[in-house]
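So the chains spell out like this:
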Amino acid sequence: MPSEGNTKVARVWPVIRAYAKAARRYPWLIGIVFLSGLVIELLAIIAPLYLKRLIDILASEDPATATMSILLGIIAMFALVHFGKWAGNRIQVFSINRVEMKIMADLSNDAFRYLLGHSYDFFVSNFAGALTRRVGRYSRAFEQILDTLVYNFLSTTVFAFGAVFVLFQRSMLLGSILLVWTIVFVALQVLLARWKQPLRTARVEEDTRMMGALSDAVSNQSTVTLFAARKHEYSIFGRTVERWRAATMRSWNADAWIAGFQAFFELVIEVGLLVAAVVLWQRGLITVGDFVLIQIYVIGLIDRVWGIGSSMRRIYEAFADAYEMVEVFQKPHGIADAPGAKPLSVKAGTIDMKDVGFTFTGGHPVLSGFTLDVNAGEKVALVGPSGAGKSTVTKLLLRLYDVTEGSIGIDGQDIAKVTQDSLREAIAFVPQEPILFHRSLMDNIRYGRLEATDEEVYEAAKKARCHDFISGFPLGYDTHVGERGVKLSGGERQRVAIARAILKNAPILILDEATSSLDSESESLIQEALKALMEGKTVLVIAHRLSTIMHMDRIVVMEEGRIAAGGTHDELLDHKGGLYHKLWSIQAGSFVADTEA
Ligand code: ADP
């Protein structure tokens, strides 16, 4: 097992590589950002030198004899250097704004595209909320890292080297003091930041816990009210708040101590350099101007080094954030088009599944030796106990997973060898519990065929029996349906999904029948909508309620990943003691008992 240090490094490099790749698209802007940073700091070192010269003249010369033109010349140079610094700052800020936004936009797009390319299985195994957070953090971490590199690390390093270099020219002693102090101060900052880290982590954890407790209570608000448990919730929340308060307090106090240490160190260098400077001045080794120079450098340096410890922490956190997304990038897409894959061409719409075997990663075999031929235009129902593998069959047909054994063909073409987009364009899928985009109903239905006209959308909605309820909304087709479509009833959502599938008009249709019981009116509307949808298509229905599939061309009974029986409803019912008969008896209950009597 790698040590903690190694894993940290292992996480930093992939992030640097990913960011460097994105940054390489803007070499000029990146160059300007760093170059202007360098120039600004060099000018910050140079400007006080003019001040020093000015003060030296003022301190040593008689005002009556001093040459005004020389003094004004020095001031002019001082102003010029400062103006250069000002201009450099503007250039730096505008170029860093520009390049950061460009790169962050690229990173968001890259992350989004790669993420959406991941397989169904990937999304089943990862929380949507966590994934979206990763995309956001990935681009924000770039800003954090570049800002810290430019505004903290680059500026501190250049200024520190510059100040130490200049002071060495003036006096070995002054230069050495500043050098040693800078090194000790940076080291101290790093140590203090490390010491504080666990306290910070504890504060963040308590903060997350408090937010979790809050959202848990808010999302269960109705339960809290109905169980008259507000007082209970007050006390639970109160306890988490108390822990958060204590943890935050410890963290803040640590900050106060760190600031105290630093201020003390600042005092030490100020006094130390003053003493050294006075001694050197008395020996005639430095001037009054040097005195001012030292002060300016020390203040400038303290200003830059002050937050270096927290900058290091921030940059490390930014790397950790970014790594979460890089991890997603490092994972190859689970389902990919075969090299040279051609689009699927569907003329008739036959399906043939040959000896298909399938096992979920790390799971037990779900399908084995599954063979099913569906003729063009045939309507086949898959039935069987829950867990028999019905949904898995449809997922394999849509190539959300690749088969482990055997093959699946549509019109004689292996679906693993055609492009995924063309395969899914040829199949319309109506899921059990359709989820809608938080967009208008018009947009949701048009998703079936993005280039469809408004009239075509209305037409499909009418066929799917949703035109009436949509027209009843004040905003009609412009109504937004709420996150995941929560503002519609189950039956309405189902019909919107059917309208979408009607609009898609794909030759093959997969239907995962809704299990949730609907009122009989919704039920009959859905049946009408489905009838319109199935017309002229090859259809595979996963049926949960046998009453709805009596009129299918063929019923395939599945059990433990195999086909147990097949035939029409009547044929299957004739086989008393068969699985279908048993399922029918359970569902139809007294109805079957009556007919048999
Ligand atoms: P059905 O649709 O007939 O109820 P499924 O095809 O959904 O059955 O499931 C068949 C089997 O596969 C079940 O045992 C189920 O637990 C398992 N299964 C389904 N999805 C996954 C998954 N993502 N990972 C592992 N096992 C799964």
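Summary of the structure given here.

Read from one edge to the other, the open sheet built from 4 strands follows the order β2-β1-β4-β5, with strand pairing classed as antiparallel. Of all the strands in the sheet, the pair left with one neighbour each is β2 (365–374) and β5 (413–414). Two strands pair when backbone bridges link them, and strand β4 (residues 405–410) and β5 are joined in this way by 2 bridges, in the antiparallel orientation. Note on β5: the bridge partner recorded for Gly409 is Asp414.

Another aspect to go through is the pattern of salt bridges. Within the structure shown, the criterion is met by 22 salt bridges. Its salt-bridge partner being Glu206, residue Arg243 comes within 3.2 Å of it at the nearest N-O pair. Taken as a pair, Arg243 in helix α8 (residues 230–282) and Glu206 in helix α6 (residues 172–219) lie far apart in primary sequence, 37 residues in all. Residue class for Glu206 comes out buried when judged on its relative accessible area of 10%. Put simply, Lys52, Asp56, Arg170 and Asp290 are held in one network by salt bridges that share partners.

The next subject is unusual backbone geometry. Even without glycine at this site, Arg465 takes up a positive phi of about 60 degrees. A positive phi angle, close to 45 degrees, is found at Glu560, a residue other than glycine. With respect to the helices, strands and loops of the structure, Glu560 is situated in the loop between β9 (554–559) and β10 (562–567).

Below, the discussion takes up the site of the ligand. Surveying the vicinity of the ligand reveals the residues Phe360, His364, Val366, Pro385, Ser386, Gly387, Ala388, Gly389, Lys390, Ser391, Thr392 and Tyr401. The contact in question runs from an oxygen atom of the ligand to an N or O atom on the backbone of Gly387, over 2.7 Å. Contacts to the ligand include Ser391, whose side-chain N or O atom sits 2.6 Å from an oxygen atom. When the ligand is considered free in solution it has 560 Å² of accessible area, and contact with the protein chains removes 66% of it. When residues in the shell around the ligand are grouped by element, the largest group, 3 residues, is from helix α11 (residues 390–397). Of the residues in the shell around the ligand, the class split is 5 nonpolar, 6 polar and 1 charged.

Below, the discussion takes up the side chain of Lys537. Mapped onto the fold, Lys537 is located in the loop between α17 (520–534) and β8 (538–542). Glu535 provides the closest opposite charge to the buried, unpaired Lys537, separated from it by 7.8 Å. Apart from the residues within four sequence positions on either side, Lys537 is in contact with Gly377, Glu378, Lys379, Asn505, Ala506, Pro507 and Leu509.

Moving on to the side chain of Lys395. Mapping Lys395 onto the fold places it in helix α11. It is Asp512 that comes nearest to the buried, bridge-free Lys395 among opposite-charge side chains, at 7.1 Å. Aside from chain neighbours lying at most four places away, what touches Lys395 is Tyr120, Leu400 and Tyr401.

Secondary-structure assignment places Thr371 in strand β2. Sequence separation between Thr371 and Leu29 is 342 residues; the distance between their C-alpha atoms is 60 Å. Setting aside residues no more than four positions away along its own chain, Thr371 makes contact with Met353, Lys354, Asp355 and Ile563. A distance of 3.0 Å separates the side chain of Thr371 from the backbone nitrogen of Asp355, its partner in a polar contact.

For the rest of this paragraph, the subject is a nonpolar patch on the surface. A cluster of nonpolar side chains, namely Phe264, Leu267, Val268, Val271, Val275 and Val279, defines an oily patch on the protein surface of about 530 Å² accessible area. Relative to the helices and strands, Val271 resides in helix α8.

Quick look at the sheet that holds β10 now. In space, the 6 strands of this open sheet follow the order β6-β7-β8-β3-β9-β10, with mixed pairing throughout. The open sheet terminates on both sides in strands that have one partner only, identified here as β6 (427–430) and β10. Strand-to-strand twist of the sheet, defined as the mean angle between neighbouring strand axes without regard to direction, takes the value 20 degrees. Where strand β3 (residues 379–383) lies against β9, 4 bridges are found, and the strand directions are parallel. If you follow Val383 over to β9, its bridge partner there is Val557. Strands in contact with α11 are β3, β6, β7 (508–512), β8 and β9; relative to β8, the strand with the most contacts, it is inclined by about 145 degrees. Docked against the sheet, α17 engages β3, β6, β7 and β8, running at close to 155 degrees with respect to β7.

With 5 bridges connecting them, β9 and β10 associate as antiparallel partners. From the neighbouring strand, Ile555 faces β10, where its bridge partner is Gly567. The turn linking β9 back onto β10 is made up of 2 residues, and Glu560 within it adopts a positive phi angle of 45 degrees.

The rules behind the values
- Residues numbered from 1 in each chain as written.
- Predicted model: local features only at pLDDT ≥ 70, side-chain atom pairs only at ≥ 80, totals over all residues.
- Heavy atoms only, no water.
- Pairing = 2+ DSSP bridges.
- Helix = DSSP H or I, 4+ residues; strand = E, 2+ residues; numbered from the N terminus.
- Salt bridge = Lys/Arg side-chain N within 4 Å of Asp/Glu carboxyl O.
- Buried < 20%, exposed > 50% of the residue type's maximum accessible area, 1.4 Å probe, protein only.
- Near = heavy atom within 4 Å.
- Polar contact = N/O pair within 3.5 Å; in protein donor to acceptor, adjacent residues only side chain to side chain.
- Areas by Shrake-Rupley, 256 points an atom, 1.4 Å probe, with all protein chains shown as cover.
- Nonpolar A, V, L, I, M, F, W, Y, C, P; charged D, E, K, R; others polar.
- Lys, Arg positive; Asp, Glu negative; His and termini not counted.
- Contact = heavy atoms within 4.5 Å.
- Patch = residues over 30% accessible without salt bridge, like charges linked within 9 Å, V, L, I, M, F, W, Y side chains within 5 Å.
- Axes fitted to C-alpha atoms, helices over the stretch in contact; angles between N-to-C directions.

The quantities given are spatial measurements derived from coordinates; they are silent on function.
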